[in-house]
Amino acid sequence: MEAVLISFGAHAMALEDKLRSRMKNIKHKLMVMSGKGGVGKSTIATLIALKFAMKGWKVGIMDADLHGPSVPKLLGVEDSYMYKEQYGLTPVIGPFGIKVVSIYFLLSNRRSPIIWRGPLKSAFIRQILAEVAWGALDLLVIDLPPGTGDEPLTIAQTVKDIDGSVVVTIPSKVSRIVVERAIEFSRALKVPIIGIVENMYEVICPVCGHRFKIFKGEAASEIAELLRVKVLGRIPFDPELSEACDKGALAQYLGRDTIVRREVELISKAIEDYLRGIEH
Ligand code: ADP
């Protein structure tokens, strides 16, 4: 398989200035993080972005996962491309007018693995952030790469002034340790933690409605107590949600009355209260 090698470079000061002026028009910035991959971080980030957009907020979502970008797929806009226009890179417009930015849109060959040379990764992230013409937004949701390594660090430091973070986890004991690390990471960056979302908390049988747990443990509650953070909500495992993700139909899924939707509403309400609370 042919690999795509990406190289970018630009003057650091010019980038800083550009970035500052682009970010000026974004009222609130939220980062969604997880200690490790596969816990549903991108799914939750996209559901939150959709919920705010459905309420009439002007929303952008930055898919900052360079190795496994998935937001375009979840929103059903994976056949689109971002173009460089007079004012910068224009985001792709998704359902409910969500502005979507992802490395995925810039790839000419979408099936090849993306090979990054270490320092280029940071330079690329910075350049993309500085080049995107978001326009005026009420909320930018940043779907950070999983973990607490260089990439999430570069993004959080480059964007600056992030209003808060949402940490996604599953209820297993193993995730407890990684979530603790994610919380410490957010605190070290001085980004306040709005709360934890516990994903795949339980399974609801599509036939009889019976609920049962797949992971033993109460990771979110334990961490919340230990580190004094809130649990914003608990999302069950729903086979229909997973199907909607595969079909790029998250927006349609959120239009139906489900337990997941009710939880997403509670989570968004808690985030909105937090964001309104810090507005002056
Ligand atoms: P991450 O961003 O943490 O790597 P994703 O959001 O890409 O994880 O989710 C991984 C997979 O799990 C996706 O296929 C998604 O459809 C599925 N998934 C996530 N949360 C749920 C859920 N609550 N119910 C059913 N499927 C889910």
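Our subject is the structure listed above.
Residues numbered from 1 in each chain as written. Predicted model: local features only at pLDDT ≥ 70, side-chain atom pairs only at ≥ 80, totals over all residues. Heavy atoms only, no water.

Focus: helix H8 (residues 239-247)
Let me state the cut-off plainly: Remark: exposure states derive from per-residue accessible area (1.4 Å probe, protein chains only) relative to the maximum for the residue type, with buried under 20%, exposed over 50%, and partly exposed in between. Counting from the N terminus, the helices are the DSSP runs of H or I reaching at least four residues and the strands are the DSSP runs of E reaching at least two. By arc we mean the arc of the directions from the helix axis to the C-beta atoms, nothing more. Contacts are residue-level and defined by heavy atoms, with any inter-residue pair within 4.5 Å sufficient.
Those residues of H8 that sit buried are Leu241, Ala244 and Cys245. The buried residues of H8 occupy an angular sector of 100° when projected down its axis, which confines them to one face. Exposed and oriented more than 90 degrees from the buried face of H8 are Asp246 and Lys247. On its buried face, H8 is in contact with helix H2 (41-54), helix H3 (71-74), helix H9 (250-254) and helix H10 (259-278). Count one or two residues on from H8 and you reach Gly248, which has phi positive near 70°.

Notes on unusual backbone geometry
You will see that Phe96, though not glycine, has its phi angle at about 55°, which is positive. By relative accessible area, Phe96 is classed as partly exposed at 48%. The backbone of Lys190 shows a phi angle near 65°, a positive value even though the residue is not glycine. Along the chain, Lys190 falls in the loop between helix H6 (173-188) and strand S11 (193-204). Judged by its relative accessible area of 72%, Lys190 falls in the exposed class.

Focus: the pattern of salt bridges
The condition that has to hold: For salt bridges, the criterion is a side-chain nitrogen of Lys or Arg within 4 Å of an Asp or Glu carboxyl oxygen.
Inspection of every chain in the model, using the stated rule, returns 18 salt bridges. Glu16 is the partner of Lys160 in a salt bridge, and the nearest nitrogen-oxygen pair spans 3.2 Å. Placement of the pair is Lys160 in the loop between helix H5 (150-159) and strand S10 (164-169) and Glu16 in helix H1 (residues 12-23), with a sequence separation of 144 residues. In this structure, Lys84 and Glu131 form a salt bridge, with 3.1 Å as the shortest nitrogen-oxygen distance. Of this pair, Lys84 sits in strand S4 (residues 83-85) while Glu131 is found in helix H4 (residues 118-131), placing the two residues 47 residues apart along the sequence. Judged by relative accessible area, which is 59%, Lys84 ranks as exposed. Among the charged side chains, a network of salt bridges with common partners joins Glu16, Asp17, Arg20, Arg126 and Lys160.

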